[in-house]
Amino acid sequence: MNLSLEGRTYVVMGVANKRSIAWGIARSLHEAGARLIFTYASERFEKSVRDLADTLEGENNSLFYECDVTNDEAIIQTFENIQNDVGVIHGLAHCIAFANRDELKDEFLNTSRDGFLTAHNISSYSLTAVARASKPLMSEGGSIITMTYLGGEQVVQNYNVMGVAKASLDASMKYLANDLGKHNIRVNAISAGPIRTLSAKGVGDFNQILQEIEERAPLRRPVTQEEVGDTAYYLMSDLSRGVTGEVIHVDSGFNIIG
Ligand code: NDP
Ligand code: KAL
């Protein structure tokens, strides 16, 4: 089987900086020979994404588009632009989540209506919106992946409204897998263990969370962006051609511990 992704093009959404999980995914796909298309929420992040892409070794024919996933017009326009520029894509990595900081502490009970809607809008509905907009570009079949977390399956302290949004994201992933399977488009989620990223900054006691992983996870260590990236590579490659609607935990096995 050909494991190379040469000749294939993938959209990576959600690189904020070099710690981003999306950047780990981009590097793995790039090493496998893929062409990359990056989207970022606002102009503010354009330079850092371009600078990072410049660090990729070898031929760098990456493309860059602004795409705020709260804006339907922007999503449609982004994928029309991508279609005009490259024609066909072979997959998409959705690595986007947001909740207001003040909803990520104390009790879930206090979640505001606005905070609930914001978290679900950006972190969950956006997957359906980008899946629909990217479908016409995956005319040769494709693989869509999204990033989820254990807090959508179980109660995790402080994750609060983001946990409810991840449960919604996981269910959306399965309904999308069912709708898109007949077009040879697969849809899966990677459930990553805690990784220190910009999103993780300043929310909860991250050191304590990592310490629990070191003490209790079967592998006794946290996972890395590279490990998530390599699972994304598997999901984008033909190795996973029979897999859709699945959540793969890349979390040192932590989710099996009761
Ligand atoms: P980052 O902070 O690096 O990435 C989060 C990204 O979300 C940013 O690039 C941000 O874009 C983007 N984003 C937020 N709002 C919007 C918007 N309106 N439109 C477009 N993009 C938006 O953090 P991570 O790499 O940690 O997060 C990536 C994914 O991984 C998320 O879904 C997260 O829930 C998930 N995850 C993370 C874990 C962890 O421990 N870090 C564990 C399990 C899952 P911008 O910077 O341009 O605003
Ligand atoms: C239990 C954990 C500890 C942390 C609790 C909640 C984490 C929620 C994740 C969510 C995506 C964080 C935010 O939305 C942060 C946001 O309010 C402020 N940050 C920003 O605006 C920055 C600048 C931008 C880049 O961030 C975003 N998101 O746009 C969960 C831990 C153990 C695992 C994590 C971090 C899971 C996850 O989903 O990220």
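The structure under discussion appears in the preceding block.
Since the model is a prediction, treat every value here as computed from it, not as a measurement.

Novice: Looking at this structure, how should I read the overall build of the protein?
Specialist: Each helix and strand in the protein was counted, giving seven helices and seven strands. Reading the secondary structure of the protein in the N-to-C direction produces β-α-β-α-β-α-β-α-β-α-β-α-α-β. Its C-alpha atoms give the protein a radius of gyration of 17 Å, near enough to 18 Å, the size a compact globule of 258 residues would have. Each principal axis of the C-alpha atoms in the protein carries an extent, and together these give about 45 × 40 × 40 Å. Looking at the protein as a whole, 50% of its 258 residues qualify as buried. If you take every contact in the protein between residues at least 6 apart in sequence, the share linking residues at least 24 apart comes to 77%.

Novice: Whenever I open this one, helix α1 (residues 21-31) confuses me. Can you help?
Specialist: For the α-helix, the turn length of 3.6 residues means that residues three or four positions removed from each other point alike. Within α1, nine of the eleven residues are buried, leaving the element largely enclosed by the surrounding structure. Looking at α1, one finds that the buried residues are Ile21, Ala22, Trp23, Gly24, Ile25, Ala26, Ser28, Leu29 and His30.

Novice: Please clarify how the site of ligand 1 should be interpreted in this entry.
Specialist: Contacts to ligand 1 come from 26 residues, most closely from Ser20, Lys166, Ile195, Thr197 and Ser199. Here a nitrogen atom of ligand 1 and a backbone polar atom of Val69 are 3.0 Å apart. One of the backbone N or O atoms of Ile195 is found 2.7 Å from an oxygen atom in ligand 1. For ligand 1, whose unbound accessible area comes to 890 Å², protein coverage reaches 90%. Of the residues belonging to the shell around ligand 1, the class tally is 17 nonpolar, seven polar and two charged.

Novice: Quick question: what am I supposed to make of the state of the cysteines here?
Specialist: Each disulfide consists of one covalent bond between the sulfur atoms belonging to two cysteines. The full count for this structure, using the stated rule, is zero disulfides. The cysteine Cys67 is free of any disulfide, with Cys95 supplying the nearest cysteine sulfur at 13 Å. For Cys95, a relative accessible area of 15% corresponds to the buried category.

Novice: What exactly am I supposed to notice about a nonpolar patch on the surface here?
Specialist: A cluster of nonpolar side chains, contributed by Phe108, Phe116, Leu117 and Val164, occupies part of the molecular surface with about 320 Å² of accessible area. Residue position: Leu117 is located in helix α4 (residues 113-134).

Novice: Help me understand the side chain of Thr9 in this model?
Specialist: For Thr9, the position within the fold is in strand β1 (residues 9-13). With a relative accessible area of 8%, Thr9 lands in the buried category. Residues within four places of Thr9 in sequence aside, it is in contact with Arg35, Ile37, Val86, Val88, Ile89, His90 and Gly91.

Novice: It is not clear to me how the site of ligand 2 should be interpreted in this structure. Could you clarify?
Specialist: As a matter of local geometry, ligand 2 sits amid 20 residues, with Ala97, Ala99, Tyr149, Tyr159 and Ser199 nearest to it. The separation between an oxygen atom of ligand 2 and a polar main-chain atom of Ala99 is 2.6 Å. Backbone polar atom of Arg101 to an oxygen atom of ligand 2: 3.4 Å apart, as the coordinates give it. Every element with two or more residues in the shell around ligand 2 is listed here: α5 (160-180) and α6 (206-216). Across the shell around ligand 2, the residue classes tally to 14 nonpolar, four polar and two charged.

Novice: Help me understand a positive patch on the surface, please; the structure alone is not making it clear to me.
Specialist: On the surface, a cluster of positive charge is made up of Lys18, Arg19, Arg196 and Lys201. Counting through the fold element by element, Arg19 comes out in the loop between β1 and α1.

Novice: For this particular structure, what's the right way to read unusual backbone geometry?
Specialist: Trans is the prevailing form of peptide bonds, just as negative phi is the prevailing case for residues other than glycine. Even without being glycine, Asp106 reaches a positive phi, approximately 60°. Residue placement: Asp106 occurs in the loop between β4 (91-94) and α4. The exposure class assigned to Asp106 is exposed, which follows from its relative accessible area of 58%.

Novice: I'm lost on the sheet that holds β4 in this one. Help?
Specialist: Paired through their backbone hydrogen bonds, the strands of a sheet run either parallel or antiparallel. Taken together, seven strands build an open sheet; the order of strands is β3-β2-β1-β4-β5-β6-β7 and the sheet is parallel. Strand pairing shows two members of the sheet lacking a second neighbour, β3 (63-66) and β7 (247-250), which therefore form its edges. Direction aside, the axes of adjacent strands within the sheet are offset by 20° on average. The sheet contact formed by β1 and strand β2 (residues 35-40) spans five bridges and is parallel.

Novice: Can you walk me through the packing of aromatic side chains in this structure?
Specialist: How two aromatic rings sit relative to each other is set out by the distance from centre to centre and by the angle between their planes. As enumerated under the stated definition, the model contains three aromatic pairs in all. Ring geometry for Phe38 versus Phe64: centroids 5.7 Å apart, planes at 15°, classification stacked. Linking Phe38 in strand β2 with Phe64 in strand β3, this pair joins segments that are 26 residues apart in sequence. Accessibility expressed as a relative area gives 1% for Phe38, which makes it buried. The class of Phe64 is buried, set by a relative accessible area of 16%. Through successive ring pairs, a cluster of aromatic residues spans Trp23, Phe38 and Phe64.

Calculation rules
- Counting restarts for each chain: residues are numbered from 1 in the order of the written sequence.
- Ligands are numbered from 1 and chains lettered from A, in the order in which they are written.
- It should be noted that, the model being predicted, local features are given only for residues of pLDDT at least 70 and side-chain atom pairs only at 80 or more, the latter also being counted only at that level, while totals for whole chains, interfaces and linings use all residues.
- Computation of side-chain values covers all heavy atoms of the structure but excludes hydrogens and water.
- Only DSSP runs of H or I covering at least 4 residues are called helices, and only runs of E covering at least 2 are called strands; the numbering of each starts at the N terminus.
- C-alpha atoms define the radius of gyration, and 2.2 Å times the number of residues to the power 0.38 defines the globule rule.
- We call a residue buried when its accessible area falls under 20% of the maximum for its residue type, exposed when it is over 50%, and partly exposed in between, using a 1.4 Å probe and counting protein chains only.
- Any two residues having at least one pair of non-hydrogen atoms within 4.5 Å are treated as being in contact.
- Distances are taken per atom, and a residue is near a molecule or strand as soon as one of its heavy atoms is within 4 Å of it.
- Nitrogen and oxygen atoms within 3.5 Å of one another constitute a polar contact, given that in protein one can donate a hydrogen and the other can accept it, and given that sequence-neighbouring residues count only through two side-chain atoms.
- Each accessible area is a Shrake-Rupley result for a 1.4 Å probe, and residues are judged covered by the shown protein chains and nothing else.
- Polar here means any residue outside two lists: the nonpolar Ala, Val, Leu, Ile, Met, Phe, Trp, Tyr, Cys and Pro, and the charged Asp, Glu, Lys and Arg; Gly therefore counts as polar.
- Two cysteine sulfur atoms form a disulfide, by the criterion used here, when they sit within 2.5 Å.
- Two joining distances apply to patches: 9 Å for like charges and 5 Å for nonpolar side chains (Val, Leu, Ile, Met, Phe, Trp, Tyr), and every residue must have over 30% relative accessible area and no salt bridge.
- Counted as salt bridges are all cases of a side-chain nitrogen of Lys or Arg within 4 Å of a carboxyl oxygen of Asp or Glu.
- The charged-residue count follows a simple rule in which Lys and Arg add positive charge and Asp and Glu add negative charge, with His and chain termini not counted at all.
- To locate a charge, take NZ of a lysine, CZ of an arginine, CG of an aspartate or CD of a glutamate.
- Note: two strands are recorded as paired if DSSP finds a minimum of 2 bridges between them.
- Throughout, an axis means a line fitted to C-alpha atoms (over the contacting stretch in the case of helices), and angles, computed between N-to-C directions, take values from 0 to 180 degrees.
- Only the six-membered ring of Trp is used, alongside the rings of Phe and Tyr, when aromatic pairs are assigned; centres must lie within 6.5 Å, and planes under 30 degrees apart are stacked while those over 60 apart are edge-to-face, with the rest tilted.

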